[in-house]
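Tertiary structure, described
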Amino acid sequence: MERNASVGSGELLLEELVRAAQLASPAELPVILNRYAEAMGLGTAAIYLVDIQQRLLVPFVEGEPDLDLETSLAGWTYRTDSLRVEETPSGQLNVWLPLANGAERLGVLELTMDSLDGVTLRRCRTAASLLALIITSKRTYSDTIAQRMRTRPMHLPTEMVRAFLPPRSIGTGRVVSTAALEPAYELGGDAFDHVFTEDILHTTILDGMGHDLASGLATSVAMAGCRNARRSGAGLDELVGTVDDALAKWLPEQFCTGVFTQLHMPTGVLRWCNCGHPAPLLIRRHRLLHKALERPPEPPLGLPARLAETARQVHEVRLEPGDRILLYSDGVVESRNEEGEQFGLERFTDYIIRSTAAGQNAPEVLRLLIHSILDHRHNKLSDDATILMFEWQPPDPDQPDP
């Protein structure tokens, strides 16, 4: 391979990189990436993955130091989803690029080279985009990536619940949904889900009774029932009924609370069903609309009372562009510090509003918020804390298509 690839050969090398990476094990990925980075004139490459608590950027290759997310240039790249270039003491250039698959942030890519021009920069961005897709595909069948993203052992109940969780963030041109969940290694029964079907965003938040393996089992059964009904084309009321029946049949001694939503992305019509859970919150134009989505309570999922032939109530509102919906578990606002002070709903929503007004992207808002909750409890939560937030931002009809 030529050291300095021409424009045409550069694209061929990227194609070869994809083919070689598809056949490689995750452990072989850094070697293959470096081989093609050098051939394309991109210098040397290093992959850093974010740990599951989003505090560190962990090198893909063991033996290298971790990078702090708050103080390093790599961390700035991750937090802002922006490229950063710095000159090294030897006169070379370090180019930091975000590794992201759509709305999901995976980590950063470091490229070290002698010089940078427009063509090289375009290849850098293309290589980072391809690498993010490759990592996303390989983590579904390899433990290597999961091991790299952990900084300590995980409890068995947590392992079970996390096996059901989707990516932290998903998005389209119309909506972004992002979630945060703690404690990352010692979960009880909290879980979240978000997914797209056609033109609908589906979101779910669940809170199982207790903080043990049985609690995690209840959450897992509820999640499986929800997905089974959704993938069968069930309506929202039928979906909730499926979860009720599954819990009553398989875990009759367990129950959980939850909120299920469906957002019609073209119109902004939001439908939801709340089963014994804190009501969703609506933030509009940097202001919390108090009790905007509060409705008469429904019983929790799986309770014997649900065996009666009473249909779940499904509610509906129409959102405005820019509206943000928050789903959360009670561990978020009821978390107390050593002085007995609750984190509280006001502090929770104010943090979201201030961070959004400061220009933080949605995944970064939740990352900072969940860390603030952990700091409030000195990293020792007495209950699970889960937050899911989605924002509806349809295209401006007055703006021409790009």
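A brief structural summary. (Residues numbered from 1 in each chain as written. Predicted model: local features only at pLDDT ≥ 70, side-chain atom pairs only at ≥ 80, totals over all residues. Heavy atoms only, no water.)

With that settled, the discussion passes to the overall build of the chain. Per the secondary structure count, the chain includes 11 helices and 17 strands. For a compact globule of 402 residues, the expected C-alpha radius of gyration is about 21 Å, and the chain comes in at 23 Å, within 12% of that figure. Expressed as lengths along the three principal axes of its C-alpha atoms, the size of the chain is roughly 75 × 50 × 45 Å. Burial statistics for the chain: of 402 residues in total, 52% are counted as buried. Here the analysis covers contacts within the chain between residues at least 6 apart in sequence; of these, 65% occur between residues at least 24 apart. Here the chain has roughly 18,500 Å² of accessible surface; of this, 51% comes from carbon and sulfur atoms. (Helix = DSSP H or I, 4+ residues; strand = E, 2+ residues; numbered from the N terminus. Rg over C-alpha atoms; globule rule 2.2 N^0.38 Å. Buried < 20%, exposed > 50% of the residue type's maximum accessible area, 1.4 Å probe, protein only. Contact = heavy atoms within 4.5 Å. Areas by Shrake-Rupley, 256 points an atom, 1.4 Å probe, with all protein chains shown as cover.)

This part is about empty space enclosed by the protein. The full count for this structure, using the stated rule, is 3 cavities of 30 Å³ or more. Space inside the largest cavity adds up to approximately 70 Å³. Surrounding the largest cavity, 13 residues form its lining, Gln54, Arg168, Ser169, Thr178 and Pro363 being those nearest its centre. Mapped by element, the contributors of at least two residues to the lining of the largest cavity are strand 6 (104-113), strand 8 (175-182) and helix 11 (362-376). Each residue belonging to the lining of the largest cavity can be placed in one class, and the counts come to 6 nonpolar, 3 polar and 4 charged. Volume-wise, the second largest cavity comes out at about 50 Å³. Residue lining of the second largest cavity: His202, Thr203, Thr204, Cys226, Arg230, Leu236, Leu239, Phe260, Thr261 and Gln262, and that is the complete set. For the lining of the second largest cavity, the secondary structure elements donating two or more residues are strand 10 (200-208), helix 7 (213-231), helix 8 (236-250) and strand 11 (256-264). Among the residues forming the lining of the second largest cavity, the class breakdown is 4 nonpolar, 5 polar and 1 charged. (1 Å grid on protein atoms, 1.4 Å probe; cavity = no way out; pocket = protein on both sides within 12 Å on 5 of 7 lines; lining within 4 Å. Points joined across faces, edges and corners; volume = space filled by probe spheres on them. Nonpolar A, V, L, I, M, F, W, Y, C, P; charged D, E, K, R; others polar.)

On to the pattern of salt bridges. Taken as a whole, this structure holds 20 salt bridges when the rule is applied. Put simply, Glu15 and Arg19 hold a salt bridge, and the shortest N to O gap is 3.0 Å. Residue Glu15 and its partner Arg19 are both found in helix 1 (residues 7-23); the two are separated by 4 residues, about one turn of the helix. With a relative accessible area of 45%, Glu15 lands in the partly exposed category. We classify Arg19 as partly exposed; its relative accessible area is 45%. Here Glu159 and Arg150 are joined by a salt bridge, their closest N and O atoms 2.7 Å apart. Classification of Glu159 as partly exposed rests on a relative accessible area of 34%. Judged by relative accessible area, which is 27%, Arg150 ranks as partly exposed. Here the residues in one salt-bridge network are Glu70, Arg105, Glu364 and Arg367, joined through shared partners. (Salt bridge = Lys/Arg side-chain N within 4 Å of Asp/Glu carboxyl O.)

Before going further, it helps to spend a moment on the sheet that holds strand 15 (residues 315-318). Spatial strand order, 9-10-11-12-15: 5 strands in an open sheet with antiparallel pairing. Every interior strand has two partners, whereas the edge strands, strand 9 (190-197) and strand 15, have only one. Here the average twist between neighbouring strands, direction ignored, is 15°. Sheet analysis places strand 10 next to strand 11, joined by 9 bridges and oriented antiparallel. Considered in strand 11, the bridge of Ile200 is made with His264. On top of the sheet, helix 7 reaches strand 9, strand 10 and strand 11; it is set at about 10° to strand 9, its chief contact. Here helix 8 sits on the sheet in contact with strand 11 and strand 12 (269-275), set at roughly 155° to strand 11. (Pairing = 2+ DSSP bridges. Axes fitted to C-alpha atoms, helices over the stretch in contact; angles between N-to-C directions.)

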